[in-house]
Amino acid sequence: MAITSEVLKQDIDSLTDEQLHAVADFIAFLKFRDRRHRVALDPNQLVSLAIEFAEEDRNLAEAGMDDYVAMLTQEA
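Residues numbered from 1 in each chain as written. Predicted model: local features only at pLDDT ≥ 70, side-chain atom pairs only at ≥ 80, totals over all residues. Heavy atoms only, no water.

The helix and strand inventory of the protein stands at three helices and zero strands. Counting helices and strands in the order they occur from the N terminus, the protein gives α-α-α. For the protein, whose C-alpha radius of gyration is 27 Å, the value lies well above the compact-globule estimate of 11 Å for 76 residues. On the principal axes, the C-alpha backbone points of the protein span a range of 75 × 35 × 20 Å. Counting the 76 residues in the protein, one finds 0% classified as buried. Accessible surface, the protein as shown: approximately 7200 Å² in total, 59% of it carbon and sulfur. Each charge sign in the protein was given a centre, from 7 positive and 16 negative side chains, and these centres are 13 Å apart. (Helix = DSSP H or I, 4+ residues; strand = E, 2+ residues; numbered from the N terminus. Rg over C-alpha atoms; globule rule 2.2 N^0.38 Å. Buried < 20%, exposed > 50% of the residue type's maximum accessible area, 1.4 Å probe, protein only. Areas by Shrake-Rupley, 256 points an atom, 1.4 Å probe, with all protein chains shown as cover. Lys, Arg positive; Asp, Glu negative; His and termini not counted. Charge placed at Lys NZ, Arg CZ, Asp CG, Glu CD.)

Written as structure tokens, this is what we have:
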């Protein structure tokens with residue numbers, strides 16, 4: 001069965017207010033999903049972000065190790 005915009009319009013005209021709100025929510029979801037799939041990521045930007053976060057992660061890990069050593073010293 002082919003779905004045409006005319007058939008859809010007729011179906012929409014027969015919906016209750018509650019059903020129209022559900023259809024509106026679904027349309028908003030479809031638009032959101034479509035925008036999300038169209039986001040183009042720049043590989044160069046991703047590489048620079050990965051490098052930046054790797055350095056930050058390393059710094060946090062080192063700070064965490066200093067805290068860990070201090071806790072071990074207190075327990076001894």
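There's more to say after this.
Moving on, we come to the environment of Arg33. Secondary-structure assignment places Arg33 in helix 2 (residues 17-37). Of the residues examined, Arg33 reaches a relative accessible area of 37% and is grouped as partly exposed. Measuring from C-alpha to C-alpha, the distance between Arg33 and Pro43 comes to 22 Å, with 10 residues separating the pair along the chain.

Between two aromatic rings, the relevant description is the distance of the centres plus the angle of the planes. Counted under the stated rule, the structure contains one aromatic pair. A centroid spacing of 6.2 Å and a plane angle of 35° characterise the contact between Phe26 and Phe29, whose relative ring orientation is tilted. Within this pair, Phe26 and its partner Phe29 are both found in helix 2, separated by three residues, close to a single helical turn. Since its relative accessible area comes to 48%, Phe26 is described here as partly exposed. (Phe/Tyr/Trp six-rings, centres within 6.5 Å; stacked < 30°, edge-to-face > 60°.)

This part covers the confidence of the model for the protein. On average, residues of the protein score 88 in pLDDT, and 96% of them reach the 70 mark or higher. When mean pLDDT is taken per element in the protein, helix 1 (residues 5-13) scores highest with 93 and helix 3 (residues 43-75) scores lowest with 87. (pLDDT = per-residue confidence, 0-100.)

A separate point is a negative patch on the surface. Taken together, the side chains of Glu52, Glu55, Glu56 and Asp57 make up a negatively charged region of the molecular surface. Inspection of the secondary structure assignment puts Asp57 in helix 3. (Patch = residues over 30% accessible without salt bridge, like charges linked within 9 Å, V, L, I, M, F, W, Y side chains within 5 Å. Salt bridge = Lys/Arg side-chain N within 4 Å of Asp/Glu carboxyl O.)

This part covers a nonpolar patch on the surface. The grouping of Met65, Tyr68, Val69, Met71 and Leu72 at the surface amounts to a nonpolar patch, some 490 Å² of accessible area in total. Among the structural elements, Met71 can be located in helix 3.

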